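Summary of structural features
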Amino acid sequence: MKITLIHGQARKESTYHIARMTAEKIGGQIDEFFLPNDGSDGCFGCFACMEKGRELCPHSKQISLIFNSMLGADVIIIGSPTYVLEMTGHLKSFFDHLFSAWLSHRPERAMFSKTAVVISTAAGIGMGGVTRSLSKQLFYLGVPKVYRFPVRVAATSWNDVQNKAKIEAKASKIARQAISKTGRAKPGLKLRLMFSMMRRMHKNNDWSPLDKEHWKENGWLDGKKPWRD
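Only a predicted model underlies this, so the values are computations on that prediction, with no experimental measurement involved. (Residues numbered from 1 in each chain as written. Predicted model: local features only at pLDDT ≥ 70, side-chain atom pairs only at ≥ 80, totals over all residues. Heavy atoms only, no water.)

Some thoughts on unusual backbone geometry
Cis geometry marks the peptide bond from Leu 35 to Pro 36, where omega comes out at 5 degrees. You can see Pro 36 is positioned in the loop between β2 (29–34) and α2 (48–51). In this structure, Val 84 takes a positive phi of about 40 degrees despite not being glycine. Positionally, Val 84 belongs in the loop between β3 (75–81) and α4 (89–96). (Helix = DSSP H or I, 4+ residues; strand = E, 2+ residues; numbered from the N terminus.)

Here it is as structure tokens:
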């Protein structure tokens, strides 16, 4: 089992401990990344990834290290504390760099078989919205199964969290679910419909040659599907 574990910040408090706990309960090789230390500056909006290829992004070295780990993983775990009712800016910046790998552009075949867990903590509110946002990002990258794990910790330090036993029980349950889906996750109706819509769009695509060539090379314009062929 290979796990990519991405922390949306470098502070090792509640979100870090819960994400790490979940990864260890799933078990296997863990590739661990901390943003912004292992990340990059924000996306410049230069369109190099769209017009020339992701490898020519000014931040390609840092971004590709993490994204390649995601492509090779069985399970992707992403954790973010709640910052002003959203994911951290560092994590949002990372996802900004991946938009050329969205369903609407050049999705990667490997993503359509992944299982993911998204985790967020908050002292009070907002963690549910963060896990929904993280889940949305992974959906548009093609990930078919995402487990959401929002946690109200009612504390600013992991040492002060009072409901650790309940959190660990939930982590154990999600770990079992993730293990059961590993290698067997299949896109649901929404993802299949979105893929079909994008295929129809790219058949008439005369505005983005790299995107169209990607779909053509994968056989997706001829009816093949990344989760089946």
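Here we look at the nonpolar core
Residues Ile 6, Met 70, Ile 78, Leu 91, Phe 94, Phe 95 and Leu 138 are the most contacted members of the largest nonpolar core, which totals 26 residues. Breaking this core down by element, the ones donating at least two residues are α3 (60–72), β3, α4, β4 (115–122) and α5 (127–140). Looking at this core, the element that brings in the most residues is α3, giving 5 residues. In contact with Phe 94, not counting residues within four places along its chain, are Ile 6, Leu 35, Ile 63, Ile 66 and Met 70. (Core = buried A, V, L, I, M, F, W, Y, C linked by side-chain atoms within 4.5 Å. Buried < 20%, exposed > 50% of the residue type's maximum accessible area, 1.4 Å probe, protein only. Contact = heavy atoms within 4.5 Å.)

Remarks on the side chain of Ser 100
If you trace the backbone, Ser 100 turns up in the loop between α4 and β4. Apart from the residues lying within four places of it in its own chain, the contact partners of Ser 100 are Cys 49, Met 50, Arg 54, His 105 and Arg 106.

What to know about the packing of helix α1 (residues 14–26) against helix α6 (residues 164–181)
Think of two packed helices as two axes; the pair is described by the angle between the axes and how far apart they sit. Contact pair α1 / α6: the axes reach a minimum separation of 9 Å and the direction vectors enclose 45 degrees. By the angle class used here, α1 and α6 are oblique. Seen from above, α1 lies across α6 with right-handed handedness. Seen from α1, the contacting residues are Ile 18, Met 21, Thr 22, Lys 25 and Ile 26; seen from α6, they are Ile 167, Glu 168, Ala 171, Ser 172, Ala 175, Ala 178 and Ile 179. Looking at side-chain class alone, the contact of α1 with α6 contains 8 nonpolar, 2 polar and 2 charged residues. (Axes fitted to C-alpha atoms, helices over the stretch in contact; angles between N-to-C directions. Parallel < 35°, antiparallel > 145°, perpendicular 65-115°, else oblique. Left-handed = near helix turned anticlockwise from the far one by under 90°. Nonpolar A, V, L, I, M, F, W, Y, C, P; charged D, E, K, R; others polar.)

Let's talk about the environment of Cys 46
Tracing the backbone shows Cys 46 in the loop between β2 and α2. Note: C-alpha distance between Cys 46 and Pro 58 (12 residues apart in sequence) is 8.8 Å.

A look at the environment of Ser 80
Within the secondary structure, Ser 80 is located in strand β3. Between the C-alpha atoms of Ser 80 and Met 127, which are 47 residues apart in sequence, the distance is 8.8 Å. In contact with Ser 80, not counting residues within four places along its chain, are Thr 15, Met 87, Thr 88, Leu 91, Ile 119, Ser 120, Thr 121, Val 130 and Leu 134. Within polar-contact distance, the side chain of Ser 80 engages the backbone nitrogen of Thr 88 at 3.0 Å. (Polar contact = N/O pair within 3.5 Å; in protein donor to acceptor, adjacent residues only side chain to side chain.)

Let's talk about the pairing of β2
Looking at chain direction, strand β1 (residues 2–7) and β2 are connected through 6 bridges and run parallel. Of the residues in β2, the one forming a bridge with Thr 4 is Asp 31. Handedness of the β-α-β unit built from β1, α1 and β2 comes out right-handed. (Pairing = 2+ DSSP bridges. Right-handed = clockwise from strand over helix to strand, strands pointing away.)

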